[in-house]
Amino acid sequence: MSIEFKNVDYIYAPGTPFQTQGLTNISFKIRSGSFVAIAGHTGSGKSTLMQHFDGLLLPSKGSVTIADKSITSNTSSKSLKEIRKKVGLVFQFPESQLFEETVLKDVMFGPLNFGFSEQKAKEQAIEWIRKVGLSEQVMNKSPFELSGGQMRRVAIAGVMAYEPDILCLDEPAAGLDPEGQKQMFDIFKNYQREGHTVILISHNMDDISQYADDMLVLEHGHLIKHASPKEVFSDPDWLKKHFLDEPATSKSARKLKKGGFQFSEMPLTVDSLVNEITTKLKSKGGNE
């Protein structure tokens, strides 16, 4: 499902002494079925942008088009429900999305809200509770009895249970251990491979380089680059200038390159780095 932002501005508290420009003249298109990362230093407008995908915030100027449905400053709440059925948003602190008395009821809420039958909502909830790595033993517990990591998984399951066409994630793996982070990102990547669009906000350039195929970079509410991760990460001086880290994999590759190791292209993932090194070493051994 494609997405287009056209000349979008967003102003917080307009007409008051607290008026602040959140976004300025943002325009871009996202192709259907892509995995898009949104990057930028703190205060760059990432979360403000994300909240425009499902109409949680309406543009002060310009328009957002999702599946031929346009969101403008005049869009009514009634017309947003159809869009929100297609767009699921997991907040930076997803545990704040929890409110039901049991985990099962919490995860069932989304499907029920969007027209699933009671039985189908329950089936979807159980399936996604399992998929995010929680046991059936937690289903009848209060979500507020769980650990922070478990609460995060419940909130993610609650959005994914109604299987929106577009999944928006704001730092979804924060607070999870490395194994839990990999598990969740593998789930998101598989969700994309099934034909969905995934949009990720992350400060972790390793996650972006590993999973994303498209990238938006924001700075002070402006879109300063829209390109593939390979292109964005190809210039470490540009990254430094805009206060972005370089992925650990490409940092390692650059060190090897300084030592004389030649790469056919700069690797961004661990697998691509290992494959490049293995191929070169085998080739070198064969020549000797």
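The structure under discussion appears in the preceding block.
First, a word on what this report is: a plain description of the structure on this page. Residue numbers run consecutively from 1 along every chain, following the written order of its sequence. At least 70 in pLDDT is required for a residue's local features to be given in this predicted model, at least 80 for side-chain atom pairs to be given and counted, and no such filter applies to totals for whole chains, interfaces and linings, which use all residues. Hydrogens and water molecules were not included; the side-chain quantities draw on all heavy atoms of the structure.

Under the scheme used here, helices are H or I runs from DSSP no shorter than 4 residues and strands are E runs no shorter than 2 residues, and both carry numbers assigned from the N terminus. For the protein, the helix and strand inventory stands at 11 helices and 10 strands. Overall, the C-alpha framework of the protein stretches about 70 × 50 × 35 Å when taken along its three principal axes. Within the protein, contacts between residues separated by at least 24 positions form 61% of all contacts whose residues are at least 6 apart in sequence. When the accessible surface of the protein is summed, it comes to about 14300 Å², and 49% of that surface belongs to carbon and sulfur atoms. Only heavy atoms matter for contacts: two residues are in contact if any of them lie within 4.5 Å across the pair. To be clear on the numbers: accessible area is Shrake-Rupley with a 1.4 Å probe, and residue cover counts the displayed protein chains and nothing else.

Time to look at the pattern of salt bridges. For salt bridges, the criterion is a side-chain nitrogen of Lys or Arg within 4 Å of an Asp or Glu carboxyl oxygen. Across all of its chains, the model carries seven salt bridges by this definition. Note that R130 is salt-bridged to E136, the shortest N-O span being 2.3 Å. Relative accessibility thresholds used throughout: buried, under 20% of the residue-type maximum; exposed, over 50%; partly exposed, between the two (1.4 Å probe, protein chains only). Judged by its relative accessible area of 47%, R130 is partly exposed. Judged by its relative accessible area of 47%, E136 is partly exposed.

Okay, the packing of aromatic side chains next. Pairing of aromatic rings covers Phe, Tyr and Trp, the last counted by its six-membered ring, and requires centre-to-centre distances within 6.5 Å; plane angles under 30 degrees mean stacked, over 60 mean edge-to-face, and any other angle means tilted. All told, the structure shown has eight aromatic pairs when counted by the stated rule. Relative to F28, the ring of F5 has its centre 4.6 Å away and its plane inclined at 15°; by these criteria the two rings are stacked. Separated by 23 residues along the polypeptide, F5 in strand β1 (residues 3-12) and F28 in strand β2 (residues 20-30) bring together distant segments of the chain. The criterion for a charge sitting over a ring is simple: Lys NZ or Arg CZ within 6 Å of the ring centre, and within 35 degrees of the ring normal. Looking at K131, its charged tip hangs above the ring of W128, at a distance of 4.3 Å from the centre. The side chain of K225 reaches across the aromatic face of W238, ending 4.9 Å from its centre.

What follows concerns the sheet that holds strand β5 (residues 69-71). Pairing between strands requires that DSSP locate at least two bridges from one strand to the other. In spatial order, the strands read β2-β1-β4-β5; together these four strands make up an open sheet with antiparallel pairing. Strands at the two margins of the open sheet, each flanked by one partner only, are β2 and β5. Averaged over all pairs of adjacent strands, the angle between strand axes in this sheet comes to 25°, irrespective of strand direction. Every angle, taken between N-to-C directions, lies between 0 and 180 degrees, and every axis is a line fitted to C-alpha atoms, over only the stretch in contact when it is a helix.

Right, let's talk about the nonpolar core for a bit. Take the buried Ala, Val, Leu, Ile, Met, Phe, Trp, Tyr and Cys residues and link them wherever side-chain atoms come within 4.5 Å; each set so joined is a nonpolar core. Core analysis: the largest hydrophobic core is formed by 53 residues, its most contacted members being F188 and M215. Looking at this core, the element that brings in the most residues is helix α5 (residues 148-160), giving seven residues. Ranked by size, the runner-up nonpolar core spans 28 residues in total, among them M1, Y10, I26 and I30.

Below, the discussion takes up the packing of α5 against helix α6 (residues 178-193). Look at α5 against α6: their axes get within 13 Å of each other, and the N-to-C directions meet at 5°. As the angle between them shows, α5 and α6 are arranged roughly parallel. Two secondary-structure elements touch here, α5 through R153, I156 and M160 and α6 through G180, Q183, M184, I187, F188 and Y191. Basically, the charged four are Asp, Glu, Lys and Arg, the nonpolar ten are Ala, Val, Leu, Ile, Met, Phe, Trp, Tyr, Cys and Pro, and anything else, Gly included, counts as polar. A breakdown of the residues in the contact of α5 with α6 according to their chemical character gives six nonpolar, two polar and one charged. An angle counts as roughly parallel when it lies under 35 degrees, as roughly antiparallel when it exceeds 145, as roughly perpendicular when it falls between 65 and 115, and as oblique in every other case.

This part takes up the environment of E127. Position of E127 relative to the elements: it lies in helix α4 (residues 118-131). The sequence separation of E127 and A157 amounts to 30 residues, and the corresponding C-alpha distance is 9.0 Å.

Moving on, we get to helix α3 (residues 103-113). Working note: α-helix, 3.6 residues per turn, so residues spaced by three or four point in the same direction. Burial in α3 covers these residues: V103, L104, D106, V107, M108, G110 and P111. Tucked inside the fold, the buried residues of α3 contact α4 and α5. Looking at the residues trailing α3, positive phi occurs at G115, about 95°.

Attention shifts here to the packing of α3 against α5. Across the interface, α3 lies against α5 with an axial gap of 6 Å and an inter-helix angle of 35°. Crossing of α3 against α5: the hand is right-handed. Taking contact as the criterion, the partners of V103, V107 and G110 in α3 are, on α5, V154, A157 and G158. Looking at the contact of α3 with α5 residue by residue, the class counts come to four nonpolar, two polar and no charged. The handedness criterion is simple: a crossing whose near helix is rotated anticlockwise from the far helix by less than a right angle is left-handed, and one whose near helix is rotated clockwise is right-handed.

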